[in-house]
Amino acid sequence: MSDTTPSRHDCQSRFLIEQAGVRGVHVQLRDSWQRIVGQDAYPAAVAELLGEATAAAALFTGHAKVDGRLSVQLRGNGALRTLFAECTAAGTLRGIAQVAEGAQPSRDLRELGPDALLAITIENPALGQREPMRYQGMVELSADNLAGAFEDYFIQSEQLPTRLMLAVDGERAAGLMLQKLPGDEGDSDGWTRAGALFDTIVTDELLTLPAETLLTRLFHEDGVRMLGQRPLAFACSCSAERVESMLVSLGEDEARAAAADGEAHIRCEFCGQQYRFSRDEIEHLFATRAASMEAPDRAQ
């Protein structure tokens, strides 16, 4: 189930610190974050990581060219199995985390195990004659937190100094990203000066102050120019058609077993929407699929 109603509390803002030669993105989430975290009773550390990942996904869609969707995914074989956050070009957000039963994961990324993996994925749809584009960048987990891991990633992948701050509390998630403009824009001390001011931000300011208020307070001497704002909202892309495709991918035996009690019950873990399929509906689904796949027995 989707809810794409914009909220004044959920917003992505892009800006320039002109004299310093720095660009940036600011994100605040309230309603969308509460909808995401309210889907499950996550351990505190997992909820914080999921909020930070959701804010990061929204930040990155303001930084990169995204026509489809951008996702942040953390996978491991230990206490935290999967953490996934996604922001689309339309400004819709969703996220989920899966934890091993009874486990209490740590916020320290270095404790997620040697096989833990953090990735940023951009998926853009086909346009005209162009093939769909999928780009994935892997993030090294040498830092103990998501912000540090992403800073390392941008320095390695774009060779541009980057600062990132992510914050979460019981009601909100927020993020701020600064990046030095390529080339010689700004004075020679601009990036150092912006970084020093960035280090003075406290979590409560990032979570509660409107973007323009926070940025003007920090960087007014270097001339902050707002480049535009975009509303953000929770939305899920699940549908009956996608659930049908999932049932078909399971195969006839497993799909029938799911309806052994008369109905198959499928719940979307992102939004909680319930889908029900009777035995007859499942039989019809596979019969229709089989008919569509039959090759003609004579020339048409």
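In the block above lies the structure referred to throughout.
Given the structure is predicted, the values throughout are model-derived calculations rather than measurements. (Residues numbered from 1 in each chain as written. Predicted model: local features only at pLDDT ≥ 70, side-chain atom pairs only at ≥ 80, totals over all residues. Heavy atoms only, no water.)

### Comments concerning the overall build of the protein
Moving on, step 1. Scanning the protein for helices and strands turns up 9 helices and 13 strands.
Moving on, step 2. Principal-axis analysis of the C-alpha atoms places the extent of the protein at approximately 75 × 50 × 40 Å.
Moving on, step 3. By the burial criterion, 47% of the 300 residues in the protein qualify as buried.
Moving on, step 4. Contacts in the protein between residues at least 24 apart in sequence constitute 63% of all its contacts with a sequence separation of at least 6.
Moving on, step 5. Element-wise, carbon and sulfur atoms account for 47% of the exposed surface of the protein, whose accessible area totals about 15200 Å².
Moving on, step 6. Taking the 28 positively charged and 45 negatively charged side chains of the protein as two groups, their mean positions are separated by 3 Å. (Helix = DSSP H or I, 4+ residues; strand = E, 2+ residues; numbered from the N terminus. Buried < 20%, exposed > 50% of the residue type's maximum accessible area, 1.4 Å probe, protein only. Contact = heavy atoms within 4.5 Å. Areas by Shrake-Rupley, 256 points an atom, 1.4 Å probe, with all protein chains shown as cover. Lys, Arg positive; Asp, Glu negative; His and termini not counted. Charge placed at Lys NZ, Arg CZ, Asp CG, Glu CD.)

### Structural notes on the packing of aromatic side chains
Moving on, step 1. Tallying each qualifying case throughout the model produces 3 aromatic pairs.
Moving on, step 2. Measuring from centroid to centroid gives 5.0 Å for Phe60 and Phe150, while their planes differ by 80°, and the two rings are edge-to-face. Of this pair, Phe60 sits in helix α2 (residues 44-63) while Phe150 sits in helix α3 (residues 146-158), and the two are 90 residues apart along the sequence.
Moving on, step 3. Assessed through its relative accessible area of 2%, Phe60 is described here as buried.
Moving on, step 4. Residue classification places Phe150 among the buried positions, given a relative accessible area of 0%.
Moving on, step 5. Ring geometry for Phe60 and Phe154: centres 5.2 Å apart, planes at 65°, overall edge-to-face. Of this pair, Phe60 sits in helix α2 while Phe154 is found in helix α3, placing the two residues 94 residues apart along the sequence. The pair Phe60 / Phe154 is uniform in exposure class, with both members buried.
Moving on, step 6. Three or more aromatic residues joined by ring pairs make a cluster, and in this case those are Phe60, Phe150, Tyr153 and Phe154. (Phe/Tyr/Trp six-rings, centres within 6.5 Å; stacked < 30°, edge-to-face > 60°.)

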